[in-house]
Amino acid sequence: MTVKLIDTHPTQAATSPIGVFDSGSGGLTVLHALRAALPQQKFIYLGDHKRAPYGPKSGPEVYEMTRQGVDFLFEQGCKLVILACNTASAIALRKLQQEWLPARSTPGAADNRILGVLVPMVETITDRPWIKWEQHPQQNLQGTVGIFATEATVKSQTYLVEIGKRAPQLDVIQLACPELVPALESKKGTAIMDALVEGYVRQLVEEHNRVPNWIMLGCTHYPLLKNDFEKAAGKIIGKIMGQSVPILCQPSVCADSLKDYLIRHPHLISTKNSSSANQQGIQHFTSGCPDHVRATTKIFQPEGFIEQRQEENWLKAILG
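The structure displayed is predicted, hence computed values, not measured ones.

Conventions we followed
Residues numbered from 1 in each chain as written. Predicted model: local features only at pLDDT ≥ 70, side-chain atom pairs only at ≥ 80, totals over all residues. Heavy atoms only, no water. Helix = DSSP H or I, 4+ residues; strand = E, 2+ residues; numbered from the N terminus. Buried < 20%, exposed > 50% of the residue type's maximum accessible area, 1.4 Å probe, protein only. Contact = heavy atoms within 4.5 Å. Areas by Shrake-Rupley, 256 points an atom, 1.4 Å probe, with all protein chains shown as cover. 1 Å grid on protein atoms, 1.4 Å probe; cavity = no way out; pocket = protein on both sides within 12 Å on 5 of 7 lines; lining within 4 Å. Points joined across faces, edges and corners; volume = space filled by probe spheres on them. Nonpolar A, V, L, I, M, F, W, Y, C, P; charged D, E, K, R; others polar. Phe/Tyr/Trp six-rings, centres within 6.5 Å; stacked < 30°, edge-to-face > 60°. Axes fitted to C-alpha atoms, helices over the stretch in contact; angles between N-to-C directions. Parallel < 35°, antiparallel > 145°, perpendicular 65-115°, else oblique. Left-handed = near helix turned anticlockwise from the far one by under 90°. Salt bridge = Lys/Arg side-chain N within 4 Å of Asp/Glu carboxyl O. Pairing = 2+ DSSP bridges.

> Before we go on, may I ask you to explain the overall build of the chain in this structure?
Counting secondary structure elements, the chain contains 13 helices and 10 strands. Taken over 320 residues, the chain has a buried fraction of 54%. Sequence separation of 24 or more characterises 82% of the internal contacts of the chain that already satisfy a separation of 6 or more. On the chain, roughly 13800 Å² of surface is accessible, and the fraction owed to carbon and sulfur atoms is 51%.

Written as structure tokens, this is what we have:
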């Protein structure tokens, strides 16, 4: 993930947990994919539920809240923190990497790393590594990629800019979907969710007068709606193109990227913190009400997932 471009101090402790930060619960989709890819790795998850959602907030607000969340996870012993939030990745990550992280004076801070969910998606779409892309930009990739994301992610233009650098012939169209996350978390019925997603897919096509060859779900909540997007794309885009549209979801892409990163940097793997059958290798923190969060995060559990007591134990985190 994002620190493919700045990893210059390969000296992290092998027993450090990996921190996963999100503005709320959407990052759990990424966490579950990471756990499946790295079942022996210890993870600490932090959701800033008290101040969610980040999407409508200003850039400076998003940066400061993200900084506080990352700092909390570093204080819990994490050396590597993944921003499982597109808004935080698009707005705060680069500044955290380039300015805040080098300036930290905490012992061992020079070895800390911050990654994000944005880079793996850009690399996947453009088939170009994050670094050294200038030497071989992707000149042959043509077509249109449609991105559905939060308001802040779309306004940041980060996906548009970074994809454009690496694949200048690729057309990028975006649409903010402000109603999807609240509808998901309030457990609206299938008919309502289908109608919302179909409306957004139709709006993207009509506003830009273009049909995407690929769809990217640029919010970590949206993998829960992949079937809805597939259905809507088949109904609206399939009729025009006469074929199905590939849909890229972040959890699996990010998990593959992290596995590749850790193969190249094995010192980051927690060899002494193997998860036992009751998942003692996982801790969950929230800035909100633990009881409320515990009751509202069941929709993020993957199919066939068996709840364990440790999984249900959300702890209170004080941020700010």
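> Explanation requested: the layout of surface pockets in the structure shown.
Roughly 510 Å³ of volume is contained in the largest pocket. Taken together, 30 residues line the largest pocket, and the ones lying closest to its centre are Ala52, Pro53, Val181, Glu185 and His221. Elements with a minimum of two residues in the lining of the largest pocket: helix 3 (86–91), helix 8 (180–185) and helix 12 (290–296). The leading source of residues in the lining of the largest pocket is helix 8, at four residues. In terms of residue class, the lining of the largest pocket is built from 14 nonpolar, 13 polar and three charged.

> Help me out: how do you make sense of the packing of aromatic side chains in this one?
Any aromatic ring pair is given by two values, namely how distant the centres are and how the planes are angled relative to each other. Under the counting rule described, the total for this entry stands at six aromatic pairs. Here the aromatic residues Phe148, Tyr222 and Phe229 are joined through ring pairs into a cluster of three or more.

> Would you mind showing me how to read the packing of helix 2 (residues 59–75) against helix 4 (residues 93–103) here?
Between two packed helices, the angle of one axis relative to the other and the distance separating the axes together describe the packing. Across the interface, helix 2 lies against helix 4 with an axial gap of 11 Å and an inter-helix angle of 60°. On the basis of the axis angle, helix 2 is oblique to helix 4. Where helix 2 crosses over helix 4, the handedness of that crossing is right-handed. When helix 2 is examined against helix 4, the residues Tyr63, Thr66, Arg67, Val70, Asp71 and Phe74 are found in contact with a partner set consisting of Lys95, Leu96, Trp100 and Leu101. Looking at the contact of helix 2 with helix 4 residue by residue, the class counts come to six nonpolar, one polar and three charged.

> What should I look at first to understand the pattern of salt bridges in this one?
If the charged atoms of two oppositely charged side chains come close together, the side chains can form a pair. Here the structure, examined in full by the defined rule, presents 12 salt bridges. Note that Arg202 is salt-bridged to Glu198, the shortest N-O span being 3.0 Å. Here Arg202 and its partner Glu198 are both found in helix 9 (residues 190–208), four residues apart, which amounts to about one turn of the helix. By relative accessible area, Arg202 is classed as partly exposed at 34%.

> In this structure, what is going on with the sheet that holds strand 10 (residues 314–316)? I would like to understand it.
Reading across from one edge, 4-3-1-2-9-10 is the order of the six strands in this open sheet, with parallel pairing throughout. Edge positions in the open sheet fall to strand 4 (113–116) and strand 10, since each of these has one partner strand only. The average angle at which neighbouring strand axes cross in this sheet is 25°, direction not considered. Of the pairings in the sheet, the one linking strand 1 (residues 18–22) to strand 3 (residues 80–83) comprises four bridges and is parallel in character. Considered in strand 3, the bridge of Ile18 is made with Leu80. Lying on the sheet, helix 4 is in contact with strand 3 and strand 4; it crosses strand 4 at an angle near 170°. In the packing of helix 11 (residues 250–264) onto the sheet, contacts are made with strand 1, strand 3 and strand 4, and the angle to strand 4 comes to roughly 150°.

Purely geometric stuff here, so don't read any function into it on its own.
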